[in-house]
Amino acid sequence: MTLQQLKYVVTVARTGSMSEASKELFISQPGLTTSIRELETEMGIKIFTRTNKGVVTSNEGERFLGYARQVLEQASLLEGVYKSGTKIKQQFCVSTQHYSFAVNAFVDLIRRFAGEEYDFSLRETETYEIIDDVAKMKSEIGILYLNSFNKDALMKIIKSKSLTFTELFTAKPHVFVSTDHPLADKKSVTMEELADYPYLSFEQGEHNSFYYSEEIFSTVGRTKNIRVTDRATLFNLLIGLNGYTVCSGVIDNELNGDNITAIPLDEEGSMKIGYIENKKILHSKLAEAYIEALKKHI
């Protein structure tokens, strides 16, 4: 196994095509195919499945790619330290549910390392993808919540993928509504008072199980449901339709605007919001800096 072969498989996985990868790597397609097959034989695994539409990474291949990316990143760091004139480009990725404090912490991280070269990614995505990203080492940190309903199911998955969960804080249930909403001036609201208004939640794709829901009380029946994929759309619909969403209550007016307010929800329950990480890798200085920024904003 060589670093060059690892670079080959990472490029093929990213492009999804042997022909595209060969062009990018300046190698013939037969040469690329042969090198990858030799690596598969040496490792005793099938990294890619060939189809008429290209190549698809196998389950064991995804796990292998997680390690391959780590090796290539470490090799790049070594070159940066010991080869004169080579600059180190900082790389960091976090996957998160839709929390404003996670974005604020990300902004702090970028400002802290503004004087250096960097390649950072912030993925606001589905709960399943957050766990999967950290398990496959695509992201170093994942941010999500646990409660009495989803804890057993999610912790079983988290532990099975050699991940750990660290709590950041516990939040009581709130709802986000427009400041012009008929209930906006109330000190607290009940489910009954919200029954006639549209309920907004984040789409969970193929894994749209109640356990993966980003909103607490996801099993409550509602007559008006709207699912979205991004935070901006959700807030626009809250304002335009007098809708609501169930949340942690943590809001940032600079990020989300001053026309959204949080109201306590009269329901028993809590959200333990925290981060997951992979036990197989050590914290990078970027991960440590990001966690430090998270704690500041919560």
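Residues numbered from 1 in each chain as written. Predicted model: local features only at pLDDT ≥ 70, side-chain atom pairs only at ≥ 80, totals over all residues. Heavy atoms only, no water.

What is the right way to read a negative patch on the surface from this model?
A cluster of acidic residues, Glu-192, Asp-266, Glu-267 and Glu-268, forms a negative patch on the protein surface. Within the secondary structure, Glu-268 is located in the loop between β11 (260–264) and β12 (271–278). (Patch = residues over 30% accessible without salt bridge, like charges linked within 9 Å, V, L, I, M, F, W, Y side chains within 5 Å. Areas by Shrake-Rupley, 256 points an atom, 1.4 Å probe, with all protein chains shown as cover. Salt bridge = Lys/Arg side-chain N within 4 Å of Asp/Glu carboxyl O. Lys, Arg positive; Asp, Glu negative; His and termini not counted. Charge placed at Lys NZ, Arg CZ, Asp CG, Glu CD. Helix = DSSP H or I, 4+ residues; strand = E, 2+ residues; numbered from the N terminus.)

Where do I start with a positive patch on the surface in this structure?
A surface patch of like charges, here positive, comprises Lys-151, Lys-159, Lys-172, Lys-272 and Lys-279. Note that Lys-172 resides in the loop between β6 (163–171) and β7 (174–178).

Looking at this structure, how should I read a nonpolar patch on the surface?
Where nonpolar side chains cluster on the molecular surface, the patch consists of Phe-149, Phe-210 and Tyr-211 and spans about 300 Å² of accessible area. The residue Tyr-211 is located in the loop between β8 (199–202) and β9 (225–228) in this model.

Any chance you could explain the environment of Gly-274 here in plain terms?
Looking at the element boundaries, Gly-274 is found in strand β12. Through-space distance from the C-alpha of Gly-274 to that of Thr-233 is 25 Å; in sequence the pair is 41 residues apart. Apart from residues no more than four positions distant in its own chain, Gly-274 is found in contact with Gly-142, Ile-143, Leu-144, Phe-165, Thr-166, Glu-167 and Leu-168. (Contact = heavy atoms within 4.5 Å.)

Explanation requested: helix α5 (residues 100–112) in the structure shown.
Every α-helix carries 3.6 residues per turn, so stepping three or four residues along brings you back to the same face. Taking 1.5 Å of rise per residue, the 13 residues of α5 would be expected to cover 18 Å, and the 19 Å separating its terminal C-alpha atoms lies within 8% of that figure. Along α5, the residues that are buried comprise Ser-100, Phe-101, Ala-102, Val-103, Asn-104, Ala-105, Phe-106, Asp-108 and Leu-109. (Expected span 1.5 Å × (residues − 1). Buried < 20%, exposed > 50% of the residue type's maximum accessible area, 1.4 Å probe, protein only.)

Help me understand the sheet that holds β6 in this model?
Whenever strands of a sheet pair, they do so through backbone hydrogen bonds, lying parallel or antiparallel. The strand order β4-β3-β5-β12-β6 describes an open sheet built from five strands, whose pairing is mixed. Each edge of the open sheet is held by one strand with a lone partner, namely β4 (118–124) and β6. Neighbouring strand axes in the sheet, compared pairwise and without regard to direction, differ in orientation by 20 degrees on average. The pairing of strand β3 (residues 90–96) with β4 spans seven bridges and is classified as parallel. In the sheet register, Thr-96 faces β4, and the bridge partner there is Glu-124. (Pairing = 2+ DSSP bridges. Axes fitted to C-alpha atoms, helices over the stretch in contact; angles between N-to-C directions.)

Got a minute to help me understand the packing of aromatic side chains in this structure?
Given two aromatic rings, one states the distance between the centres and the angle between the planes to describe the pair. With the rule as written, the count across this model stands at ten aromatic pairs. Summarising the aromatic geometry, the rings of Phe-149 and Tyr-211 are spaced 4.9 Å apart at their centres and angled 15 degrees between planes, so their arrangement reads as stacked. In this pair, Phe-149 sits in the loop between β5 (141–146) and α7 (151–160) while Tyr-211 sits in the loop between β8 and β9, placing the two residues 62 residues apart along the sequence. On the accessibility criterion, Tyr-211 (37% relative accessible area) is partly exposed. Of the aromatic side chains, those joined through ring pairs into one cluster are Phe-92, Phe-106, Tyr-118, Phe-120 and Tyr-290. The ring of Tyr-199 is capped by Arg-222, whose NZ or CZ atom sits 3.7 Å from the centre of that ring. (Phe/Tyr/Trp six-rings, centres within 6.5 Å; stacked < 30°, edge-to-face > 60°. Lys NZ or Arg CZ within 6 Å of the ring centre and 35° of its normal.)

Geometric descriptors of this kind do not, in isolation, establish any biological role.
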